[in-house]
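What the coordinates show
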Amino acid sequence: MDKKLENIVQALQEKFSVSVEEFRGEAHVFVKAEQIIEALTLLRDKYDFELLSALTASDYFPQETPRFHVIYQLSSLARNVTVQLRVPVNGDQPKVPTATRVYEVANWRERELLDMFGIQFEGHPDPRRILMPEGTEGHPLRKDFPLGYEEPQFTFNLDEIDLRKPYAKE
Amino acid sequence: MGVEQKLGDMGIVTTKLEELVNWSRTNAMWPMLFGLACCAIEMMAAQASHYDMSRFGMELMRASPRQSDLMIVAGRVSRKMAPALRLLYDQMPEPKWVIAMGDCASCGGVFNNYAIVQGVDEIVPVDVFVAGCPPRPEALIHGIVTLYEKVKGEKFKDLAVVK
């Protein structure tokens, strides 16, 4: 782990009693959902992490429970370090408090996570889908979302699929 | 009087009104700009000096649907784009035609997933499908000439305006 990062991670450990994993020199800090806003605020104000460079999620279904990790990748340009915060979230009612009040850039990122994974962000100013059209069913990046949209047509099933296709009328 | 004295005796040419109209339509077809992905690059190439689509009466790509009668859907159509595509089609004046250019517009192509419309014929009625990924400019021009053959055979009574 980066020397500059060690005392930051230690401070997080003391304050929030988080667990830390290291992967190729990068620290992954596991934070509880109810502590994430406090942790982000601390990192932003005290340790100069002024940039939320990525806010994304991962679905580890069916291997792991809780299945989702919401991932906050923070960068400090002043100190030239990055740190990753991970919030494990349960599958049936995935809920995380919104980070828009700490990092305004989180707004569209959280909408994307709502759209693609169905993770609710409590207190989000504009909780709508961002990529898929309104009225889409399901959340496409979940592991249990079907992969193919439509069965490929071959000679043996061409007519059968053709009947089901919603062709446009004039 | 007048014109015969200037041009000499041209005789009389007779034709059917239908054929005259269809001939004029094929020689002044204005396509609408609808480049959505990499197929649009080939569409631009088909327009440029090497292939020169204006040989077939297509000088101008119109940016407005109200001034065009051919829609070349060049590229994959996402589900969010689909209502916009239908709206533009509805704004085009009759008679109008659609070419689905490339595999993605024709059947979804390699994008068999939640985001892409599996063939633009789910949204608008398509006259000619051009295969290829992306089709070369020759293929697009062949598609257009195929469309011309179709237009030349059209009857007034079959047009949507008459119905």
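Residues numbered from 1 in each chain as written. Chains lettered and ligands numbered in written order. Predicted model: local features only at pLDDT ≥ 70, side-chain atom pairs only at ≥ 80, totals over all residues.

Another aspect to go through is helix H2 (residues 36–46) of chain A. Residues and elements named next belong to chain A. When we look at burial in H2, the residues that qualify are Ile36, Ala39, Leu40 and Leu43. With its buried residues spanning 100° around the axis, H2 presents them on a single face. Along H2, the residues that are exposed and aim more than 90 degrees away from the buried face are Asp45 and Lys46. Among the structural elements, helix H1 (3–16), strand S4 (68–76), strand S5 (81–89) and strand S6 (95–97) are those in contact with the buried residues of H2. (Buried ≥ 20, exposed ≤ 12 C-beta atoms within 10 Å, placed from the backbone. Helix = DSSP H or I, 4+ residues; strand = E, 2+ residues; numbered from the N terminus. Arc of directions from axis to C-beta. Contact = placed C-beta atoms within 7 Å.)

Now for the interface of chain B and chain A. Where interface size is quoted, it is often the accessible area lost as the parts come together. Between chain B and chain A, the contact holds 13 residues from the first and 12 residues from the second. In the side of chain B that touches chain A, the residues fall into 5 nonpolar, 4 polar and 4 charged. (Nonpolar A, V, L, I, M, F, W, Y, C, P; charged D, E, K, R; others polar.)

All names here are of chain B. Contact geometry for helix H2 (residues 17–26) and helix H6 (residues 137–152): axes closest at 9 Å, N-to-C directions at 160°. Between H2 and H6, the interaxial angle falls into the category roughly antiparallel. Note that H2 runs across H6; the crossing there is right-handed. Residues Asn22, Arg25 and Thr26 of H2 pack against Tyr148, Val151 and Lys152 of H6. Of the residues assigned to the contact of H2 with H6, the class counts are 2 nonpolar, 2 polar and 2 charged. (Axes fitted to C-alpha atoms, helices over the stretch in contact; angles between N-to-C directions. Parallel < 35°, antiparallel > 145°, perpendicular 65-115°, else oblique. Left-handed = near helix turned anticlockwise from the far one by under 90°.)

Quick look at the sheet that holds strand S3 (residues 97–101) of chain B now. All names here are of chain B. Across the sheet, 4 strands lie side by side as S1-S2-S3-S4; this open sheet has parallel pairing. Among the strands making up the open sheet, the edge pair consists of strand S1 (31–32) and strand S4 (128–130). The strands touched by helix H3 (residues 39–47) are strand S2 (70–74) and S3; relative to S2, the strand with the most contacts, the crossing angle is about 130°. (Pairing = 2+ DSSP bridges.)

Take the sheet that holds S5(A) next. All names here are of chain A. A sheet is described by the order of its strands in space; here 5 strands give the open sequence S1-S2-S5-S4-S3, paired in mixed fashion. Strands at the two margins of the open sheet, each flanked by one partner only, are strand S1 (19–23) and strand S3 (51–59). Taking each pair of neighbouring strands and ignoring which way they run, the sheet shows an average axis angle of 25°.

Here the focus is the nonpolar core. One finds B:Met71, B:Ile72, B:Val73, B:Ile99, B:Ala100, B:Met101 and B:Val120 to be the most contacted residues of the largest nonpolar core, which totals 35 residues. If you look at the next biggest cluster of nonpolar residues, it comprises 33 residues, including A:Leu12, A:Ala27, A:Phe68 and A:Leu85. (Core = buried A, V, L, I, M, F, W, Y, C linked by C-beta atoms within 7 Å.)

All names here are of chain B. For S2, a buried count of 5 out of 5 residues is recorded, marking the element as mostly surrounded by other parts of the structure. The pairing of S1 with S2 spans 2 bridges and is parallel. Paired with Pro31 across the strands is Leu70, a residue of S2. A crossover connection joins S1 to the parallel S2 through H3; in handedness this β-α-β unit is left-handed. With 5 bridges joining them, S2 and S3 adopt parallel strand pairing. Residue pairing in the sheet places Leu70 in a bridge with Trp97 of S3. The parallel pair S2 and S3, bridged by helix H4 (residues 82–91), forms a crossover whose chirality is right-handed. (Right-handed = clockwise from strand over helix to strand, strands pointing away.)

This brings us to unusual backbone geometry. In this structure, A:Pro62 follows A:Phe61 across a cis peptide bond, with omega equal to -5°. Put simply, B:Cys133 and B:Pro134 share a cis peptide bond, and its omega is -15°. One can find B:Pro134 in the loop between S4 and H6. If you check the backbone angles, A:Arg24 has positive phi at about 50° while not being a glycine. Considering the arrangement of structural elements, one finds A:Arg24 in the loop between S1 and strand S2 (26–30). Residue classification places A:Arg24 among the exposed residues on the basis of 4 C-beta atoms within 10 Å. Although it is not a glycine, B:Asp52 sits at a positive phi angle of roughly 55°. Relative to the helices and strands, B:Asp52 is located in the loop between H3 and S2. Since 13 C-beta atoms lie within 10 Å of it, B:Asp52 is described here as partly exposed.

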